[in-house]
Amino acid sequence: MTLTEFFGLYNYWIVVFLMMTGFYIVIARRNMIKTVIGLNIFQVSVVLLYVTMGKVTGGTAPIIPPGIAGHSDGEHASSHGSHDAHEVVDHAHQHAADAAEIIYSNPLPSVLMLTAIVVGIATTALALALIVRISEDYGTIEEDEILLMDRRQ
Amino acid sequence: MIEYLHFHLPVLPIVIPLMIAPLCVLLGSRHVANVLSLFACWVTFGLSLLLVSRVCELGEISYFLGGWKPPYGIEYAIDPLNSFLMAMIAGMGAIVLTYSGPSLRDEVPKSKHYLFYSLYLLCMTGLMGMCATGDLFNVFVFLEISSLSTYALISLGKTRRAPLAAFQYLIMGTIGATFLLIGIGLLYQMTGTLNMADIGVQLERYRVAAVIVDGIEGPPHWEGSRTMLVAFAFLTVGLCIKMAVFPLHTWLPNSYTYAPSVVTCFVAATATKVSVYAFIRVVFGIFTPEFAFELLPLDTALWSFSLVGIFVASIAAIYQTNIKRRLAYSSIAQVGYMLLGISMANQDGLTAGIVHMFNHGLIKGALFMVVGCFVLRLGSVQMDDWRGAGKTMPWTSLAWAIGGLGLIGVPVTCGFISKWLLLTAAMEDELYLVAALMLISSLLAVIYVWQVVEVLYFSPPSEKAKKATEAPLIMLVTTYVVVAATLVFGVWTTWSAGLAGDAARFLLQGGAP
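Now for a quick tour of the structure. (Residues numbered from 1 in each chain as written. Chains lettered and ligands numbered in written order. Predicted model: local features only at pLDDT ≥ 70, side-chain atom pairs only at ≥ 80, totals over all residues. Heavy atoms only, no water.)

## Some words on the overall build of chain A
Part 1: When helices and strands are tallied, chain A shows eight helices and zero strands.
Part 2: In chain A, the succession of helices and strands from N to C terminus is α-α-α-α-α-α-α-α.
Part 3: For chain A, the proportion of its 153 residues judged to be buried stands at 31%.
Part 4: At a minimum sequence separation of 6, the contacts of chain A that also span at least 24 residues come to 70%.
Part 5: A total of about 9500 Å² of accessible surface is found on chain A, and carbon and sulfur atoms cover 66% of it. (Helix = DSSP H or I, 4+ residues; strand = E, 2+ residues; numbered from the N terminus. Buried < 20%, exposed > 50% of the residue type's maximum accessible area, 1.4 Å probe, protein only. Contact = heavy atoms within 4.5 Å. Areas by Shrake-Rupley, 256 points an atom, 1.4 Å probe, with all protein chains shown as cover.)

Printed below as a string of structure tokens:
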């Protein structure tokens, strides 16, 4: 692997770094808030992973430019085999050629991540709510102290 | 109307609880919420039974959500395996909710009841959705719906340890779900699709082939990429956390112990089984058994972890004085039996694994329902307080004894059917050591069940047991319905082992979802 290749994959290195950092925080920290922060970092790394895989080199945002939008109707008609649509078909071919030159990024991974982000927020909110209740009941959010208190009972 | 119902049948058992859940919150009255959620659960159960009969009649049913065709749209693929499991989940959901009334009033503040009903329905939606869907990302979403509602449900427990248990489960569960998400992402990167059947088709270029040199079969040959291996690892480990397989089980005992009794009944009967189902789908539907069991040693890993898990958890169960915790450890052991069956990957083994999901759901549901009755009347889950309760609460105690026999696997109970199939499968594969260890482990179950029976019937009554009265009728009747089911399915197996056999055959024929 050459140096350019190594740095060319920088997104993935960031993903791996964030993923391991987050995971380590979750495992190693005994303070509950810190655990939740670790969990968030862990989840964010996955978001980055998905968004990275959706990017196509040289690709633009997946929105059909105004000039081409009209033709998609013509294309539609031709695919259904209309007889009186010869002219439209010619147009459509030309425009289809134009359209083919545009490269779009894959929007699906980003859309999936919208869902994952919502799930992440719900998880964080619930975790924080639980921490509030734990803190009210125990007076601390250090897991070691809580375990000690429970054992003493 | 009937046609319309039939057409939308695959999606209705998920949509109905999903729609009624927010309605319970909006109306905000616990009586209305109770009636609505009962209605939703029983209707869902009825519809899933209808779905089973349709699948038996017509074979696989495929439903396109919003009319978008797969692989672009989301597909709900109903087949013998998941329709069977959906009926079990909805059935347990409906019966536990019917049972819940008195126990809930005792353990959860009245002001929170409408929220409980809403969460319960959401949890059911998530579990049913995980079964029904044929889309891998959808599995993740439904998994999170069911998990998040389960965390909240557990935190409703009476003691201050309940939110702590919920928090610990949340951390473990979210790690598991995120692992699943990473695995799904890597698979999407390789195949460009999220539809499980389509992923299976796309991965066909990487099928494992046996190399035959001079008539001798060499090591399996495979030309896949590392991405596929990593995806497989992430998916397996993520699901193993949710299944509570032995070394990853730490979240389970506390969650089951400190959750309200009703919640434990429902979650213990259904949640881990749905994860086992998702695991079966991933291994058999997407990656194929050749990849998992021949190229990679998943079978060896599974049966060694299962056996160690069965022994460690059963022995741990024997030493628990808290009865809920005792049953929780037993649940970890029982998941081991399911995985043992799956790891054999033959007709009998897989049938045993699937039927044990069903049977154990019934048995564990029944036992936790019995615990709920005792908790209501004795106010304790400690074995010391249960002493001599057999005299004052004879019917509840009898239910424990019958359910316990099922857990051990005595003939005429449904636990026997799954153990028998598992034993046959082990013999067929000439895994004599596994078979022997399995029989020995059943003896451990005898100990941890019988200790409680002994305490109930043959000990001088404790102070609490003397004052106790028989559990409310509604709780007793529903408990006995489930207990009776464990006996019925131990004798009449057309609908349990029969359907599970169909499902196993379907999976082994390379049944993509």
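Having seen it, we continue.
## Quick look at the packing of helix α14 (residues 347–378) of chain B against helix α16 (residues 394–408) of chain B
Residue and element names in this part refer to chain B.
Part 1: At a minimum axis distance of 9 Å, the contact between α14 and α16 shows a crossing angle of 155°. Put simply, α14 runs roughly antiparallel to α16. Of the two elements, α14 crosses α16, and the hand of that crossing is left-handed. Along its contact with α14, which presents His360, Ile363, Lys364, Leu367, Val370, Val371, Cys373 and Phe374, the element α16 presents Thr396, Ser397, Ala399, Trp400, Gly403, Gly404, Gly406 and Leu407.
Part 2: Each residue belonging to the contact of α14 with α16 can be placed in one class, and the counts come to nine nonpolar, six polar and one charged. (Axes fitted to C-alpha atoms, helices over the stretch in contact; angles between N-to-C directions. Parallel < 35°, antiparallel > 145°, perpendicular 65-115°, else oblique. Left-handed = near helix turned anticlockwise from the far one by under 90°. Nonpolar A, V, L, I, M, F, W, Y, C, P; charged D, E, K, R; others polar.)

## Section: the pattern of salt bridges
Residue and element names in this part refer to chain B.
Part 1: Using the criterion set out here, one finds five salt bridges over all chains in the structure.
Part 2: Of the charged contacts, one joins Lys466 and Glu463 as a salt bridge, the two residues approaching to 3.7 Å between their closest N and O atoms. A residue pair is termed a helical-turn pair when its members lie 3 or 4 positions apart in one helix, as Lys466 and Glu463 do in helix α19 (residues 463–467) at three residues.
Part 3: On the basis of relative accessible area, Glu463 is assigned to the exposed category, the value being 55%.
Part 4: Between Asp502 and Arg505 there is a salt bridge, with its nearest N and O atoms 3.2 Å apart. One end of the pair, Asp502, and the other, Arg505, are both in helix α21 (residues 494–508), three residues apart, so they sit about a helical turn from each other.
Part 5: On the accessibility criterion, Asp502 (35% relative accessible area) is partly exposed. (Salt bridge = Lys/Arg side-chain N within 4 Å of Asp/Glu carboxyl O.)

## Comments concerning the interface of chain A and chain B
The extent of an interface is frequently quoted as the accessible surface area lost upon association of the parts.
Part 1: With 37 residues of chain A at the interface, the matching set in chain B holds 30 residues.
Part 2: Summing both partners gives a buried area of about 3100 Å² for chain A against chain B, and 75% of it is carried by carbon and sulfur.
Part 3: On the surface where chain A and chain B come into contact, there are one salt bridge.
Part 4: The shortest N-O distance in the salt bridge between B:Arg161 and A:Asp150 comes to 3.4 Å. (Buried area = accessible area lost by both parts, 1.4 Å probe.)

## Regarding the packing of aromatic side chains
Part 1: Evaluated as defined, the whole model comprises 26 aromatic pairs over all chains.
Part 2: Considering the side-chain rings of B:Phe116 and B:Tyr120, the 5.6 Å spacing of their centres and the 40° angle between planes classify their relative orientation as tilted. A residue pair is termed a helical-turn pair when its members lie 3 or 4 positions apart in one helix, as B:Phe116 and B:Tyr120 do in helix α5 (residues 113–132) at four residues. Summarising the burial analysis for this pair, B:Phe116 and B:Tyr120 share the class buried.
Part 3: Here B:Phe179 and B:Phe234 contribute two aromatic rings whose centre-to-centre distance is 5.1 Å and whose plane-to-plane angle is 85°, an arrangement assigned as edge-to-face. Residue B:Phe179 is located in helix α7 (residues 161–191), and its partner B:Phe234 is located in helix α9 (residues 226–243); the two are separated by 55 residues in the primary sequence.
Part 4: A connected cluster of aromatic rings, assembled from ring pairs, spans A:Phe23, A:Phe42, B:Phe179 and B:Phe234.
Part 5: Note that B:Lys419 overlies the ring of B:Tyr337, its terminal NZ or CZ placed 4.7 Å from the centroid. (Phe/Tyr/Trp six-rings, centres within 6.5 Å; stacked < 30°, edge-to-face > 60°. Lys NZ or Arg CZ within 6 Å of the ring centre and 35° of its normal.)

## Quick word on the nonpolar core
All names here are of chain B.
Part 1: Core analysis: the biggest nonpolar cluster contains 226 residues, and Phe116, Ile354, Trp386 and Trp400 have the highest contact counts within it.
Part 2: When residues in this core are grouped by element, the largest group, 22 residues, is from helix α11 (residues 261–295).
Part 3: Here Trp400 is in contact with Ile323, Leu327, Leu367, Val370, Val371, Trp386, Val449, Val452, Val453 and Leu456, once residues within four sequence places are set aside. (Core = buried A, V, L, I, M, F, W, Y, C linked by side-chain atoms within 4.5 Å.)

## A word on a nonpolar patch on the surface
All names here are of chain A.
Part 1: The grouping of Met1, Leu3, Phe6, Phe7, Leu9, Tyr10, Trp13, Ile14 and Leu48 at the surface amounts to a nonpolar patch, some 930 Å² of accessible area in total.
Part 2: Elements that contribute at least two residues to the nonpolar patch include exactly α1 (3–8) and α2 (10–28).
Part 3: Following the sequence through the fold, Leu9 ends up in the loop between α1 and α2.
Part 4: Taking the relative accessible area as the measure of exposure, Leu9 reaches 36% and is therefore partly exposed. (Patch = residues over 30% accessible without salt bridge, like charges linked within 9 Å, V, L, I, M, F, W, Y side chains within 5 Å.)

## Observations regarding helix α7 (residues 108–138) of chain A
Part 1: The first and last C-alpha atoms of α7(A) sit 44 Å apart over 31 residues, in line with the 45 Å expected at 1.5 Å per residue.
Part 2: Looking one or two residues past α7(A), A:Gly139 carries a phi angle of roughly 80°, positive in sign. (Expected span 1.5 Å × (residues − 1).)

## Description of helix α4 (residues 80–107) of chain B
Residues and elements named next belong to chain B.
Part 1: For α4, built from 28 residues, the straight-helix expectation of 40 Å at 1.5 Å per residue is met to within 8% by its first-to-last C-alpha distance of 38 Å.
Part 2: Along α4, the helix axis deviates most sharply at Ser100, where the bend reaches about 55°; the proline Pro102 sits within four residues downstream.
Part 3: Of all 28 residues in α4, 24 are buried; the element is thus mostly enclosed. (Bend = angle between axes of the 7 residues up to and from the residue.)

## Regarding the environment of A:Phe6
Part 1: Note on placement: A:Phe6 falls in helix α1.
Part 2: The residues contacting A:Phe6, other than those within four sequence positions of it, are A:Met1 and A:Trp13.

## Let's talk about the environment of B:Asn138
Residue and element names in this part refer to chain B.
Part 1: Note that Asn138 resides in helix α6 (residues 136–154).
Part 2: For Asn138, a relative accessible area of 11% translates into the label buried.
Part 3: Along the chain, Asn138 and Tyr76 lie 62 residues apart, while their C-alpha atoms are 9.7 Å from each other.
Part 4: Apart from the residues within four sequence positions on either side, Asn138 is in contact with Ile74, Tyr76 and Thr133.
Part 5: Only 3.1 Å separates the side chain of Asn138 from the side chain of Thr133, close enough to count as a polar contact. (Polar contact = N/O pair within 3.5 Å; in protein donor to acceptor, adjacent residues only side chain to side chain.)

## Thoughts on the packing of α6(B) against α7(B)
Residues and elements named next belong to chain B.
Part 1: Where α6 meets α7, the closest approach of the two axes is 9 Å, and the angle between their N-to-C directions is 175°. Relative to α7, the element α6 lies roughly antiparallel. Between α6, through Leu136, Phe137, Phe140, Leu143, Glu144, Thr150, Tyr151 and Ile154, and α7, the contact on the second element is made entirely by Ala162, Ala166, Tyr169, Leu170, Gly173, Thr174, Ala177, Leu180, Leu181, Ile184 and Leu187.
Part 2: Looking at the contact of α6 with α7 residue by residue, the classes come out as 15 nonpolar, three polar and one charged.

## Examining unusual backbone geometry
All names here are of chain B.
Part 1: Omega for the peptide link from Pro70 to Pro71 comes to 5°, which places this bond in the cis form.
Part 2: Within the element layout of this structure, Pro71 appears in the loop between β1 (61–64) and β2 (75–78).
Part 3: Notably, Ala244 is not glycine yet its phi reads approximately 65°, a positive angle.
Part 4: By the element assignment, Ala244 lies in the loop between α9 and α10 (251–258).
Part 5: The backbone of Glu430 sits at a positive phi, close to 60°, despite the residue not being glycine.
Part 6: Tracing the chain through its elements places Glu430 in the loop between α17 (414–428) and α18 (432–458).

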